[in-house]
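Here are the chains, one letter per residue:
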Amino acid sequence: VRLVESGGGLVQPGGSLTLSCAASGFTFSSYIMRWYRQAPGKEREWVAGISSAGDVTYYVDSMKGRATISRDNAKNTMLLQMNSLKFEDTAVYYCNAVRGGLNFWGQGTQVTVSS
């Protein structure tokens, strides 16, 4: 099982980034997929989720209207498009796959919002 995040980087406040998660080693289309983030000195926080079919999405309140989660089950990939980024969005962002008692994590990608 492998989840590999990419697309992080340094962005100015108000800017945009699109994070990607490439999955392999499991039946991607059967799993709910989620993005989490962890800022320095803080606990890991759930950010967004998408159903296995991709027809239902949900977001933490702080990201509603600023983020779009999507997935391509044919390519085993998930995206998180983020706009109007704020200083407080700075964190390591993690890709997560869950199905029943199974729970897989990626290594994370750093997003830094700074002027």
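Looking only at helices and strands, the chain features zero helices and eleven strands. Each helix and strand of the chain, ordered N terminal to C terminal, gives the series β-β-β-β-β-β-β-β-β-β-β. Its C-alpha atoms give the chain a radius of gyration of 13 Å, near enough to 13 Å, the size a compact globule of 115 residues would have. In terms of its C-alpha atoms, the chain occupies a principal-axis envelope of roughly 40 × 25 × 20 Å.

Scanning the entire structure with this criterion turns up one disulfide. Covalent S-S linkage joins Cys 21 and Cys 95, the inter-sulfur distance amounting to 1.9 Å. What sets the handedness of the Cys 21 and Cys 95 disulfide is the S-S torsion sign, and at about -65° it is left-handed. Taken together, the positions of Cys 21 in strand E3 (residues 17-24) and Cys 95 in strand E9 (residues 91-99) put the pair 74 residues apart, joining distant regions of the chain. Taken as a pair, Cys 21 and Cys 95 share a single burial class, namely buried.

Quick look at the nonpolar core now. Core analysis: the biggest nonpolar cluster contains 31 residues, and Leu 3, Met 33, Trp 35, Met 78, Leu 80, Met 82 and Tyr 93 have the highest contact counts within it. Mapped by element, the contributors of at least two residues to this core are E3, strand E4 (32-38), strand E5 (45-50), strand E7 (67-72), strand E8 (77-82), E9 and strand E11 (109-113).

All right, on to the environment of Phe 104 then. Looking at the secondary structure, you find Phe 104 in strand E10 (residues 102-105). Of the residues examined, Phe 104 reaches a relative accessible area of 18% and is grouped as buried. Each C-alpha atom of the pair Phe 104 and Val 60 lies 20 Å from the other, and the pair is 44 residues apart in sequence. Those residues in contact with Phe 104, other than ones at most four positions away along the chain, are Val 1, Leu 3, Phe 26, Tyr 31, Cys 95, Asn 96 and Ala 97.

It is worth spelling out the environment of Asn 83 at this point. In this structure, Asn 83 sits in the loop between E8 and E9. When the C-alpha positions of Asn 83 and Ser 51 are compared, they lie 22 Å apart, and in sequence the two are 32 residues distant. There is a polar contact of 3.0 Å between the side chain of Asn 83 and the side chain of Ser 16.

As a further point, take the pattern of salt bridges. Within this structure, the stated rule accounts for four salt bridges. Arg 37 is the salt-bridge partner of Asp 89, the closest N and O atoms lying 3.0 Å from each other. Residue Asp 89 is found in the loop between E8 and E9, and its partner Arg 37 is found in strand E4; the two are separated by 52 residues along the sequence. For the pair formed by Asp 89 and Arg 37, the shared burial category is buried. In this structure, the salt-bridge partner of Asp 89 is Arg 66, at a minimum N-O distance of 2.8 Å. Of this pair, Asp 89 sits in the loop between E8 and E9 while Arg 66 sits in the loop between strand E6 (57-59) and E7, placing them 23 residues apart in sequence. Accessibility expressed as a relative area gives 9% for Arg 66, which makes it buried.

Definitions and cut-offs
Residues numbered from 1 in each chain as written. Predicted model: local features only at pLDDT ≥ 70, side-chain atom pairs only at ≥ 80, totals over all residues. Heavy atoms only, no water. Helix = DSSP H or I, 4+ residues; strand = E, 2+ residues; numbered from the N terminus. Rg over C-alpha atoms; globule rule 2.2 N^0.38 Å. Disulfide = S-S within 2.5 Å. Buried < 20%, exposed > 50% of the residue type's maximum accessible area, 1.4 Å probe, protein only. Core = buried A, V, L, I, M, F, W, Y, C linked by side-chain atoms within 4.5 Å. Contact = heavy atoms within 4.5 Å. Polar contact = N/O pair within 3.5 Å; in protein donor to acceptor, adjacent residues only side chain to side chain. Salt bridge = Lys/Arg side-chain N within 4 Å of Asp/Glu carboxyl O.

Shape is all these values report; function is a separate question.
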